[in-house]
Amino acid sequence: LEECMYDITKNLRSEERHQIIYTLSQWIIAHTENDSNVDKVGDIIKHTARCTKTDIFENSIGSALFRSLLKMLTVNSERVRLLGNQILCQLLDRHNYSQNFTSPQILYLSFEFTFIDGIHYRAKDKDFVKENRENLNKAIECSLLNARTKENLENSYRVLCLLAMEVKCAYVTATIAYILM
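So, how was this worked out
Residues numbered from 1 in each chain as written. Predicted model: local features only at pLDDT ≥ 70, side-chain atom pairs only at ≥ 80, totals over all residues. Heavy atoms only, no water. Phe/Tyr/Trp six-rings, centres within 6.5 Å; stacked < 30°, edge-to-face > 60°. Helix = DSSP H or I, 4+ residues; strand = E, 2+ residues; numbered from the N terminus. Buried < 20%, exposed > 50% of the residue type's maximum accessible area, 1.4 Å probe, protein only. Lys NZ or Arg CZ within 6 Å of the ring centre and 35° of its normal. Contact = heavy atoms within 4.5 Å. Polar contact = N/O pair within 3.5 Å; in protein donor to acceptor, adjacent residues only side chain to side chain. Axes fitted to C-alpha atoms, helices over the stretch in contact; angles between N-to-C directions. Parallel < 35°, antiparallel > 145°, perpendicular 65-115°, else oblique. Nonpolar A, V, L, I, M, F, W, Y, C, P; charged D, E, K, R; others polar. Expected span 1.5 Å × (residues − 1). Bend = angle between axes of the 7 residues up to and from the residue. Salt bridge = Lys/Arg side-chain N within 4 Å of Asp/Glu carboxyl O.

Observations regarding the packing of aromatic side chains
Enumeration according to the criterion identifies 2 aromatic pairs in this entry. Ring geometry for Phe-57 and Phe-128: centres 6.2 Å apart, planes at 55°, overall tilted. Of this pair, Phe-57 sits in helix H4 (residues 57–60) while Phe-128 sits in helix H7 (residues 123–145), placing them 71 residues apart in sequence. Classification of Phe-57 as buried rests on a relative accessible area of 1%. Among the aromatic side chains, those forming a connected cluster through ring pairs are Phe-57, Phe-66 and Phe-128. Taking NZ or CZ as reference, Arg-94 lies 4.1 Å from the ring centre of Phe-57, over its face.

Laid out in structure tokens, this is it:
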């Protein structure tokens, strides 16, 4: 079944992939008690997210899918929270920044980062973050406060960093400040 789903998702349009991610993430939220099912379905979702190219968040991800993924960050299951963070990382990372944020860095001694020339946040992305900021703040806070594994903590950190890199605006800065306080 997994191999069939992998092959099917390769040939779909992004909108169809997002619908698969949304439907399966809703299923996972409803069935968090069985970790083996979460792992199997999670592999399909992660593969589908990897095949998906994100453009403007509102058009690519959409509020319903974004809220569903944020809901995954608030459930009791550590595996579901980790999966939600991993999917968010896949969908938010439009410019391959995630390789720079594999683990939290407290001090950035000799850390150098070059922004991609000509890449600025888009007003629609800022509006998308503004519209979802309350849910975003609560979900990331919940994910960080309930992180019991290093991997989950690192993925929550990566989501914050990717948001800061992909949508360079005051709403993301406010979210980061909220989390830090």
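Focus: the environment of Asn-137
Locating Asn-137 in the fold gives a position in helix H7. With 37 residues separating them along the chain, Asn-137 and Ala-174 place their C-alpha atoms 9.2 Å apart. Sequence-distant contacts of Asn-137, defined by excluding residues within four places in its chain, comprise Thr-175, Tyr-178 and Ile-179. Side-chain polar atoms of Asn-137 contact the side chain of Thr-175, separated by 2.9 Å.

As for the packing of helix H3 (residues 35–51) against helix H6 (residues 78–92)
Viewed as axis vectors pointing N to C, H3 and H6 meet at an angle of 5°, and their least axial separation amounts to 9 Å. In terms of their interaxial angle, H3 and H6 are classed as roughly parallel. Contacts between H3 and H6 involve Asp-35, Val-38, Asp-39, Gly-42, Ile-45, Lys-46, Ala-49 and Arg-50 from the former and Arg-79, Val-80, Leu-83, Gln-86, Ile-87, Gln-90 and Leu-91 from the latter. Counted by class, the contact of H3 with H6 contains 7 nonpolar, 3 polar and 5 charged residues.

Here we look at H7
The terminal C-alpha atoms of H7 lie 31 Å apart, and with 23 residues this matches the ideal 33 Å at 1.5 Å per residue to within 8%. Along H7, the sharpest kink reaches roughly 65°, centred on Arg-133. Burial in H7 covers these residues: Asp-125, Phe-128, Val-129, Asn-132, Leu-136, Asn-137, Ala-139, Ile-140, Cys-142 and Ser-143. Where H7 is buried, its residues touch H4, helix H5 (63–72), H6, helix H8 (150–166) and helix H9 (170–180).

Remarks on the pattern of salt bridges
Side chains bearing opposite charge may pair, as long as their charged atoms lie close to each other. A full pass over the atoms with the stated rule returns 13 salt bridges. Here Asp-125 makes a salt bridge to Arg-94, at a shortest N to O gap of 2.7 Å. Of this pair, Asp-125 sits in helix H7 while Arg-94 sits in the loop between H6 and H7, and the two are 31 residues apart along the sequence. Ionic pairing is found between Lys-150 and Glu-154, a salt bridge with its closest N-O pair at 3.6 Å. In this pair, Lys-150 and Glu-154 both sit in helix H8, 4 residues apart, roughly one turn of the helix. For Lys-150, a relative accessible area of 63% puts it in the exposed group. Beyond isolated ion pairs, a larger network of salt bridges with shared partners links Arg-13, Glu-15 and Glu-16.

Topic: the environment of Ile-179
Structurally, the position occupied by Ile-179 is in helix H9. Beyond its immediate stretch of four places on either side in the chain, Ile-179 contacts Asn-137, Ile-140, Glu-141, Leu-144 and Leu-160.

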